[in-house]
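One letter stands for each residue in the lines below.
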Number of protein chains: 2
Amino acid sequence: MTGEVAGRADAGVAAPIDAALLLDNQLCFLVARLHRALNDRYRPVLGALGLTYPQYLAMLALWEQAPMSVGRLGERLRLDSGTLSPLLKRLETAGLVTRTRSAGDERSVEVGLTDAGRTLRAEAVDIPSWVGSCIAGSLDDFVRVRGELTEILDRVENAPPPPVALPGPVR
Amino acid sequence: MTGEVAGRADAGVAAPIDAALLLDNQLCFLVARLHRALNDRYRPVLGALGLTYPQYLAMLALWEQAPMSVGRLGERLRLDSGTLSPLLKRLETAGLVTRTRSAGDERSVEVGLTDAGRTLRAEAVDIPSWVGSCIAGSLDDFVRVRGELTEILDRVENAPPPPVALPGPVR
DNA sequence: ATATGATGGATTGTACACAACTTAGTTGTA
DNA sequence: TACAACTAAGTTGTGTACAATCCATCATAT
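About the thresholds
Residues numbered from 1 in each chain as written. Chains lettered and ligands numbered in written order. Predicted model: local features only at pLDDT ≥ 70, side-chain atom pairs only at ≥ 80, totals over all residues. Heavy atoms only, no water. Pairing = 2+ DSSP bridges. Helix = DSSP H or I, 4+ residues; strand = E, 2+ residues; numbered from the N terminus. Contact = heavy atoms within 4.5 Å. Axes fitted to C-alpha atoms, helices over the stretch in contact; angles between N-to-C directions. Near = heavy atom within 4 Å. Polar contact = N/O pair within 3.5 Å; in protein donor to acceptor, adjacent residues only side chain to side chain. Nonpolar A, V, L, I, M, F, W, Y, C, P; charged D, E, K, R; others polar. Expected span 1.5 Å × (residues − 1). Buried < 20%, exposed > 50% of the residue type's maximum accessible area, 1.4 Å probe, protein only. 1 Å grid on protein atoms, 1.4 Å probe; cavity = no way out; pocket = protein on both sides within 12 Å on 5 of 7 lines; lining within 4 Å. Points joined across faces, edges and corners; volume = space filled by probe spheres on them. Core = buried A, V, L, I, M, F, W, Y, C linked by side-chain atoms within 4.5 Å.

*Asks:* Can you help me understand the sheet that holds strand 3 (residues 109-113) of chain A in this one?
*Replies:* Whenever strands of a sheet pair, they do so through backbone hydrogen bonds, lying parallel or antiparallel. Residue and element names in this part refer to chain A. Spatial ordering of the open sheet is given by 1-3-2, a layout of three strands whose pairing is antiparallel. Edge positions in the sheet fall to strand 1 (68-69) and strand 2 (97-101), since each has one partner strand and no second. Where strand 1 meets strand 3, two bridges bridge the pair, whose relative direction is antiparallel. Paired with Met-68 across the two strands is Val-111, which belongs to strand 3. Relative to strand 3, helix 2 (residues 53-64) is tilted by about 85°, and along the sheet it contacts strand 1, strand 2 and strand 3. Where helix 4 (residues 81-93) meets the sheet, its contacts fall on strand 2 and strand 3, and the angle it forms with strand 2 comes to roughly 120°.

Quick look at the structure:
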């Protein structure tokens, strides 16, 4: 289960298959599945707090530091305003955050926590251990996996743009 | 950068912080970022083929085996019909797949490839190496990372349901 | 002071992703 | 046959996610 890249040499009846195009050889597919599987793990637990998964990540960021401008929050979470604006409005509607124009710079919107938002943190403290236990078996596991993921992430987020010429102009 | 779980002991002015709730200690956050970063990598390359990232994964599955029912394709990709139905309709509109009711079981819809769909495969063969090179530096890297991801994925997808009592009834 | 350019958010449009529900067809049982 | 239970897809509604675009505001340079 460790040394082979190729997978099966052909896929039976249908088509000639390059190992490179086998679905199970795509790291991106594994990551997509992992992302959704984690989402599934968090959903019931977060549902009890009235949060979705991305909303939870936004709250984590705000529990670390608030208030924060929408732009800075977006950098922290790697989300753009098109995603963040409606998400934050829903958190505001839920009474967890405030959104106020900055006094100094009227372009900027500061996102702060309400009392309810701060209180919610206490109800969230057990979530990482609940969910974490099904990701990493031990603390060593956790550290190893975190290191591995961070390393890959650095490569992918900071990789240079695609090698110039694509099949056609990318629009 | 390898042995510490805690992260910084506090986050400055704002709040008392448990290491467990630090955003950067959440494996789920790393996975979410990785998922989006990979999406960003694939987008321009796949855009040239007229595919989105999930559509590409669906095509990979169909290039391995076609025709396949919507249900089986969903199992393969871990997607439900609510996601797959419109996605497949778009692929049909794009002229890449066919959707026909199964003769034997009228409930089932068989998804097949058109000539254009089969032809597209040739234009996709270089994609894994383009994108793969920014995920894993070497073949050894690839194999190691794939093993690691598969292991985590098994744990998360097959973990038992949450430990009975959540803060409140889950709805 | 006014034009120029850059910046921060919001908005719009397209595309996943999932829950809940509906519809249609199949199977099991009496 | 009749009918309940089940199954496979589709549909609807909510919530991300991102590109493209718009708008107000700030910085600056003339």
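*Asks:* Would you mind showing me how to read the protein's contact with DNA strand D here?
*Replies:* Near DNA strand D you find 27 residues, and of these Thr-52, Gln-55 and Glu-106 of chain A together with Ser-85 and Lys-89 of chain B are the closest. Considering DNA strand D, the proportion of its atoms within 4 Å of the protein that are sugar or phosphate atoms stands at 81%. The contact in question runs from a phosphate oxygen of DNA strand D to an N or O atom on the backbone of Gly-71 of chain B, over 3.1 Å. In this structure, Ser-85 of chain B approaches DNA strand D through a side-chain N or O atom, which is 2.8 Å from a phosphate oxygen. Among the elements of the structure, helix 2 and helix 4 of chain A together with helix 1 (27-47), helix 3 (70-77), helix 4 (81-93) and strand 2 (97-101) of chain B are those that each provide at least two residues to the surface near DNA strand D. Across the surface near DNA strand D, the residue classes break down as five nonpolar, eleven polar and eleven charged.

*Asks:* Before we go on, may I ask you to explain helix 7 (residues 139-158) of chain A in this structure?
*Replies:* Owing to its 3.6 residues per turn, the α-helix aligns residues three or four sequence positions apart on the same side. With 20 residues, helix 7 of chain A should cover 28 Å at 1.5 Å per step; its first-to-last C-alpha distance of 28 Å lies within 8% of that length. Of all the residues in helix 7 of chain A, the buried ones are Asp-141, Phe-142, Val-143, Val-145, Arg-146, Glu-148, Leu-149, Ile-152, Leu-153 and Val-156 of chain A. Packing partners of the buried residues in helix 7 of chain A comprise helix 1 and helix 7 (139-158) of chain B.

*Asks:* Explain the layout of surface pockets to me, please; I cannot follow it from the model alone.
*Replies:* Unfilled space is identified by rolling a water-sized probe across the atoms. Approximately 570 Å³ is the volume found for the largest pocket. Every residue lining the largest pocket is counted, 27 residues in all, and those nearest its centre are His-35 and Leu-79 of chain A together with Ala-32, His-35 and Arg-36 of chain B. At the level of elements, helix 1 (27-47), helix 2 and helix 7 of chain A together with helix 1 of chain B are the ones that each hand at least two residues to the lining of the largest pocket. Per-element tally for the lining of the largest pocket: the top contributor is helix 1 of chain B, with eleven residues. Here the residues of the lining of the largest pocket are counted per class, giving eleven nonpolar, five polar and eleven charged.

*Asks:* Whenever I open this one, unusual backbone geometry confuses me. Can you help?
*Replies:* Backbone geometry follows two general trends: most residues other than glycine have a negative phi, and most peptide bonds adopt the trans configuration. Residue and element names in this part refer to chain A. In this structure, the amide linkage connecting Ala-66 to the following residue, Pro-67, adopts the cis form with an omega of 0°. Tracing the backbone shows Pro-67 in the loop between helix 2 and strand 1. Within the chain, Arg-78 stands out as a residue other than glycine whose phi angle is a positive 60°. Considering the arrangement of structural elements, one finds Arg-78 in the loop between helix 3 (70-77) and helix 4.

*Asks:* Got a minute to help me understand the nonpolar core in this structure?
*Replies:* Side chains that are nonpolar tend, in soluble globular proteins, to be buried together. By size, the foremost hydrophobic cluster in this structure holds 107 residues, and its most contacted members are Leu-77 of chain A together with Leu-77 of chain B. With twelve residues, helix 1 of chain B is the largest single contributor of residues to this core.

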